[in-house]
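Breakdown of the fold
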Amino acid sequence: MLKNILVSTDGSAHAKKAEALAIDIASKYGAALVILSVIEGGALSEDAKRLAQQKGIDISAVLAGIDITAAAPEGAPIVLHAEYTLSTARVQAELAEIIITEAKEHAASHGVERVRCLTEGGDPAGAILKVAENENTDLIVMGSRGLGALKSLLMGSVSQKVSHLAPCSCITVK
Ligand code: ATP
Ligand code: MG
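Residues numbered from 1 in each chain as written. Chains lettered and ligands numbered in written order. Predicted model: local features only at pLDDT ≥ 70, side-chain atom pairs only at ≥ 80, totals over all residues. Heavy atoms only, no water.

**A short note on the environment of Ala64**
To be explicit about the condition: For the purposes of this entry, the term helix denotes a DSSP run of H or I that reaches at least four residues, the term strand denotes a run of E that reaches at least two, and both are numbered from the N terminus. Buried residues are those whose accessible area, probed at 1.4 Å on protein chains only, stays under 20% of the maximum for their type, while exposed residues exceed 50% and partly exposed ones sit between those limits.
Relative to the assigned elements, Ala64 resides in helix α3 (residues 60-71). Given the relative accessible area of 35%, Ala64 is considered partly exposed.

**A look at the side chain of Thr88**
Going by this rule: Residue contacts follow a heavy-atom distance rule, with two residues in contact if any of their heavy atoms lie within 4.5 Å.
Here Thr88 shows up in helix α4 (residues 78-109). Looking at Thr88, the relative accessible area reads 3%, which means it is buried. Thr88 has contacts with Gly42, Leu44 and Val62, leaving out every residue within four places of it along the chain.

**A look at the pattern of salt bridges**
Where we set the bar: We count a salt bridge whenever a side-chain nitrogen from Lys or Arg sits within 4 Å of a carboxyl oxygen from Asp or Glu.
Tallied over the entire structure, the rule returns 9 salt bridges. Among the salt bridges present, the one from Arg50 reaches Asp47, with a minimum N-O distance of 2.8 Å. In this pair, Arg50 and Asp47 are both assigned in helix α2 (residues 46-54), 3 residues apart and thus about one turn of the helix distant. Overall, Asp47 belongs to the partly exposed group, its relative accessible area being 22%. A salt bridge links Glu94 to Arg90, with the nearest nitrogen and oxygen atoms 3.0 Å apart. Separated by 4 residues within a single helix, Glu94 and Arg90 lie in helix α4, roughly one turn from each other. A relative accessible area of 31% places Arg90 in the partly exposed class.

Below is the structure:
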């Protein structure tokens, strides 16, 4: 019944649970698995910085960039902002690569070999919906929360938007 499962991950604890469930379902159904991580750009949340550091990524330029841009006089920080944006994008891209590789290894260790790994840029919900359509997935698995800062919400904006607009069934893992 399930042939093509999409799991979208930002490496958060909830997304890790989503990965585990997606891998388990894929192995039981003999389904193919698409693993997607979206590089969303913008500033890194505290959780994203912590995760990047845990994974051994050098985030010193990001941390320094915050100090430099905060201290820069008005009108001056255009170049500094560009450096800061570049360094956050680099950290996010490195993190996405690590997250995807780990998820792929996790899938292989559970006998799921038909795996396609994708990293996309831009708005995560939009990218997830587009990949679900392009890859013809019949199930999307994601976490209820991610690396975002607003911990009081029950559901993050990405999982909310995807579950409302998805072309197929969704599981939101708590
Ligand atoms: P918000 O981003 O609205 O501040 P949040 O980060 O807590 O809140 P979401 O971003 O909605 O919550 O994350 C819920 C789930 O959506 C994650 O567990 C993950 O499965 C998926 N997700 C979120 N961001 C990404 C991303 N950049 N790439 C891939 N999947 C993502
Ligand atoms: Mg988020």
